[in-house]
Amino acid sequence: MGRSTWSPLQVHLRQAVLAVVVAAVLPIVGCAGGEGEPASPSPETTSAAPPPGASFEGEAFTFERITDDVYHVMGTGNLTVGSNGAVIINESDVLLVDSHITPAAAWALLNELEAITDKPVRTVVNTHFHFDHAHGNQVFADDVEIIGHEFTREMLTSGGSKSGRAYDSFVGTLPQQIADLEARLESATGEDLERLERRLEITRNYKTASDSVVPVAPTATLAQRMRLYRGDREIQLLFFGRGHTGGDVVVYLPAERIVVTGDLMTGGLPYAGDGYLNEWADTLEELKALEFDMVLPGHGRAFGDRERIDQLQAFLRDAWVRIGAEHAAGTSAEDAANTVDMTDHVASYPNLTAPGISLQTVQRVYELLNDTSAR
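Residues numbered from 1 in each chain as written. Predicted model: local features only at pLDDT ≥ 70, side-chain atom pairs only at ≥ 80, totals over all residues. Heavy atoms only, no water.

Some details on the nonpolar core
The biggest cluster of nonpolar side chains holds 36 residues, and the ones touching the most others in it are Val 87, Leu 96 and Val 121. Counting only elements with at least two residues in this core, the list comes to β1 (61-67), β2 (70-75), β3 (85-89), β4 (94-97), α3 (103-113), β5 (121-125), α6 (165-170) and α8 (190-211). Top contributing element to this core by residue count: α3, with eight residues. Excluding anything up to four places from it in sequence, Val 87 contacts Phe 63, Asp 69, Val 70, Tyr 71, Val 73, Val 94, Leu 95, Leu 96, Leu 113 and Ile 116. If you look at the next biggest cluster of nonpolar residues, it comprises 34 residues, including Met 265, Val 295, Leu 312 and Tyr 366. (Core = buried A, V, L, I, M, F, W, Y, C linked by side-chain atoms within 4.5 Å. Buried < 20%, exposed > 50% of the residue type's maximum accessible area, 1.4 Å probe, protein only. Helix = DSSP H or I, 4+ residues; strand = E, 2+ residues; numbered from the N terminus. Contact = heavy atoms within 4.5 Å.)

Topic: the sheet that holds strand β10 (residues 250-253)
Pairing is mixed across the open sheet formed by five strands, whose spatial order is β8-β9-β10-β11-β12. The sheet terminates laterally at β8 (225-230) and β12 (294-297), the two strands that pair on one side only. Between one strand axis and the next, the sheet turns through 20 degrees on average, direction left out of account. As judged from the three bridges shared by β10 and strand β11 (residues 258-262), these two strands associate in the antiparallel manner. Along β11, the bridge assignment pairs Leu 253 with Ile 258. (Pairing = 2+ DSSP bridges. Axes fitted to C-alpha atoms, helices over the stretch in contact; angles between N-to-C directions.)

Things to note about the packing of aromatic side chains
Working definition: an aromatic ring pair is given by the centre-to-centre distance plus the angle between the planes. Tallied over the full model, the rule gives six aromatic pairs. Here a set of aromatic residues connected by ring pairs shows up, and it is made of Phe 131, Tyr 167, Phe 170 and Tyr 206. If you follow Arg 306 out to its NZ or CZ, it ends over the ring of Phe 292, 3.9 Å from the centre. The ring of Phe 303 is capped by Arg 308, whose NZ or CZ atom sits 4.3 Å from the centre of that ring. (Phe/Tyr/Trp six-rings, centres within 6.5 Å; stacked < 30°, edge-to-face > 60°. Lys NZ or Arg CZ within 6 Å of the ring centre and 35° of its normal.)

Structural notes on α8
Its 22 residues give α8 an end-to-end C-alpha distance of 32 Å, which sits within 8% of 32 Å, the value for a rise of 1.5 Å per residue. When α8 is considered as a whole, its buried residues turn out to be Leu 196, Arg 199, Leu 200, Ile 202, Thr 203, Asn 205, Tyr 206, Ala 209 and Ser 210. (Expected span 1.5 Å × (residues − 1).)

Points about the pattern of salt bridges
As enumerated under the stated definition, the model contains 21 salt bridges in all. Arg 165 serves as the salt-bridge partner of Glu 367, at 3.3 Å between the closest nitrogen and oxygen. Separated by 202 residues along the polypeptide, Glu 367 in helix α12 (residues 359-370) and Arg 165 in helix α6 bring together distant segments of the chain. Glu 367 sits in the partly exposed class, given a relative accessible area of 30%. With a shortest N-O distance of 2.5 Å, Asp 192 and Arg 195 are connected by a salt bridge. Here Asp 192 pairs with Arg 195, and both are found in helix α8, just three residues apart, close to one helical turn. Residue Asp 192 is classed as partly exposed on the basis of its relative accessible area, which comes to 44%. One salt-bridge network, held together by shared partners, links Asp 69, Arg 233 and Glu 256. (Salt bridge = Lys/Arg side-chain N within 4 Å of Asp/Glu carboxyl O.)

Notes on the sheet that holds β3
Ordered in space as β1-β2-β3-β4-β5-β6-β7, the seven strands form an open sheet in which the pairing is mixed. Each edge of the open sheet is held by one strand with a lone partner, namely β1 and β7 (220-222). Taking the axes of each pair of neighbouring strands and ignoring which way they run, one obtains an average angle of 20 degrees across the sheet. Pairing geometry for β1 and β2, over six bridges, is antiparallel. Note on β2: the bridge partner recorded for Thr 62 is Met 74. Along the sheet, helix α5 (residues 150-158) contacts β6 (145-149) and β7; its crossing angle with β6, the most-contacted strand, is approximately 105 degrees.

What about the confidence of the model for the chain?
Looking at the chain as a whole, its pLDDT mean stands at 89, while 87% of the residues score no less than 70. For residues 1-48, every residue scores under 50 in pLDDT, and the model assigns this stretch 132 contacts once sequence neighbours within four places are set aside. (pLDDT = per-residue confidence, 0-100.)

Remarks on the packing of helix α7 (residues 174-185) against α8
At a minimum axis distance of 10 Å, the contact between α7 and α8 shows a crossing angle of 160 degrees. The orientation of α7 with respect to α8, classified from their angle, is roughly antiparallel. Crossing of α7 over α8 shows left-handed handedness. On α8, the residues touching Leu 174, Pro 175, Gln 177, Ile 178, Leu 181, Glu 182, Arg 184 and Leu 185 of α7 are Leu 193, Leu 196, Glu 197, Arg 199, Leu 200, Thr 203, Arg 204, Tyr 206, Lys 207 and Ser 210. (Parallel < 35°, antiparallel > 145°, perpendicular 65-115°, else oblique. Left-handed = near helix turned anticlockwise from the far one by under 90°.)

Remarks on the environment of Ala 325
Within the secondary structure layout, Ala 325 lies in helix α10 (residues 307-328). The exposure class assigned to Ala 325 is partly exposed, which follows from its relative accessible area of 48%. Taking the C-alpha atoms as reference points, Ala 325 and Val 340, 15 residues apart in sequence, are found 9.4 Å from one another.

Quick word on the pairing of β12
Note: β11 against β12, four bridges, orientation parallel. Across the sheet, Ile 258 pairs through a bridge with Met 294, a residue of β12. Taken together, β11, helix α9 (residues 277-288) and β12 constitute a β-α-β crossover, and its handedness is right-handed. (Right-handed = clockwise from strand over helix to strand, strands pointing away.)

What follows is the structure, encoded as structure tokens:
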């Protein structure tokens with residue numbers, strides 16, 4: 001029986017690496033550094049020398065202007081950056097949402113920020129603990145406050161960001177990914193050879209950058225709510241309940257009617273291998289209560305269609321029930337991943353063309369059903 005094409009490794013975690021194939025045609029908006037030239041350090045915002053794995057050509061990020069001083073940040077594919085982020089330029093400083101996948105990625109962002117502002121970064125918000133959103137924390141100086149949920153601090157302190165299904169499947173397989181690319185190069189020719197060489201270079205670069213990560217936890221935490229005031233701007237940090245992880249924080253700008261969701265909402269189906277599918281849909285109900293016009297997700301393009309929240313809620317609720325039925329019947333996780341049928345959600349998620357669901361999602365649901373105290 002066919003497997004669904006929804007793969008969290010393809011859609012969620014490998015986005016930046018696979019983007020190399022089309023990086024040459026992506027529009028570059030307001031980024032520093034000349035085309036074909038290595039990014040250079042900014043002594044005012046970064047260390048004198050770039051961190052390991054920070055060698056790349058072109059720009060690492062695009063900055064999509066949402067308002068005059070709020071930007072949605074996405075990777076170009078020239079450097080593995082993992083997640084999206086957001087830049088909020090205030091009266092006298094800058095707040096960043098998420099620090100990306102490595103110190104090299106965070107360093108590149110600080111460098112390229114100079115194309116849109118000369119104000120210093122004073123605050124970083126971690127939307128959750130996952131490595132692709134928080135492993136750039138160590139690049140920031142001591143005078144930069146890093147804020148996250150209490151659960152996020154716990155996971156980054158305990159080593160939880162460098163273990164688990166997601167980390168092991170992506171970062172743990174980097175040596176094999178490199179070996180596979182090297183093997184494919186042996187028979188590649190023409191444009192395929194050039195693309196593979198480029199992917200291999202970036203994957204090796206990411207392995208070097210990842211090896212340098214020493215997780216740094218938030219220096220300030222919240223349990224439910226926190227309000228920041230930067231000049232005339234109000235910035236709300238909100239925890240509505242467990243969802244993608246146990247500590248998802250959304251960043252809400254009430255005056256601008258913008259919400260930055262991390263992976264509580266993404267452009268497509270989010271990774272659910274650490275999620276709480278039995279609670280996630282209810283958490284999203286709280287998100288829907290906010291007055292906003294634009295969502296800046298942790299992966300994918302910014303969007304304003306509120307119906308996407310309804311679509312994800314429906315998927316999560318059905319997935320929980322259908323996977324739960326397989327668990328009750330004694331079906332193995334591997335078999336359930338092949339047989340759980342979510343094709344009735346294909347109108348919302350076009351990749352769901354055949355029965356099957358992510359094995360990591362099934363494993364997580366089984367874990368929750370077997371142990372209600374699972375983190």
